[in-house]
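# Coordinate inspection notes
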Amino acid sequence: GSISGEETAAQILSALRAEKLLPERGVRVALGTQPTQIRTHSFPRMPRRELEGVVRDAVQKDLEVLSEEMSFAWQPLAVRGQKKRLSVVVALTPREGVDDALRMLESVPLDPELLTSSSLALFGHVRSHAGAKGTEACVAVLHIGVDRMMLAVLEDGGFRLVRDLN
């Protein structure tokens, strides 16, 4: 169907849910309009539970004060061999935009598995499932952008539906 520019993301998502094109759970959502600052830090290798505190300290040092107005997430990069240092990608984004998106998704209702400000991370997740052997689960991916939304549904290791909603 066609979508007018006046429809909100919540209306579009509700219509997709009504058409059974979008499950209520397990959806990963990327916010294409959310500004994000990404940095890479290098730390000595350590257990993940210790790394979390070290990353938080590094972010606080970068910002002087970790404001309650900011959300942050981090992910260690793959380590090959016996390297003594660990690279960690840290993303900071204003909390207000994330909270607005969560309220909108709750109104649909949608319970996202992941809410990210990076569409690249989202489609990377889909590609990783596409190559996985024995993947029988259905995975729906939604990218909310400034001018358009994209929906990709993956089932049995292949794309079942890709819909550009602009």
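One structure accompanies this document, and this report is about it. (Residues numbered from 1 in each chain as written. Predicted model: local features only at pLDDT ≥ 70, side-chain atom pairs only at ≥ 80, totals over all residues. Heavy atoms only, no water.)

### Describing the pattern of salt bridges
Applying the stated criterion across every chain, the model contains 3 salt bridges. Between R25 and D111 there is a salt bridge, with the nearest N and O atoms lying 2.3 Å from each other. Remark: D111 occurs in the loop between α3 (95-107) and β5 (114-116) and R25 occurs in the loop between α1 (9-18) and β1 (28-31); sequence separation between them is 86 residues. For R25, a relative accessible area of 58% corresponds to the exposed category. Here R103 makes a salt bridge to D100, at a shortest N to O gap of 2.4 Å. (Salt bridge = Lys/Arg side-chain N within 4 Å of Asp/Glu carboxyl O. Helix = DSSP H or I, 4+ residues; strand = E, 2+ residues; numbered from the N terminus. Buried < 20%, exposed > 50% of the residue type's maximum accessible area, 1.4 Å probe, protein only.)

### A word on the nonpolar core
If you look at the biggest cluster of nonpolar residues, it comprises 15 residues, and the most contacted ones within it are L13, L22, M104, L105, V108 and L110. Where this core is concerned, the elements lending two or more residues are α1, β1, α3 and β7 (149-155). By residue number, the principal contributor to this core is α1, which donates 4 residues. Judged by nonpolar contacts, the second largest core, of 10 residues, contains A58, L86, V90 and L92. (Core = buried A, V, L, I, M, F, W, Y, C linked by side-chain atoms within 4.5 Å.)

### Some points on the sheet that holds strand β3 (residues 70-76)
Backbone hydrogen bonds hold the strands of a sheet together, and the pairing may be parallel or antiparallel. Strand order in the open sheet made by the 3 strands is β2-β4-β3, with antiparallel pairing throughout. At either end of the open sheet lies a strand with only one pairing partner, and these are β2 (37-44) and β3. Across the sheet, the axes of successive neighbouring strands diverge by a mean angle of 25 degrees, strand direction being ignored. The pairing of β2 with strand β4 (residues 85-94) spans 8 bridges and is classified as antiparallel. Note that in β4 the partner of F43 across the bridge is L86. Helix α2 (residues 48-63) rests against β2, β3 and β4 of the sheet, and its axis sits at about 135 degrees to β3. Contacts from α3 reach β3 and β4 within the one sheet, and its direction differs from that of β4 by about 75 degrees. (Pairing = 2+ DSSP bridges. Axes fitted to C-alpha atoms, helices over the stretch in contact; angles between N-to-C directions. Contact = heavy atoms within 4.5 Å.)

The values are spatial; any link to function lies outside them.
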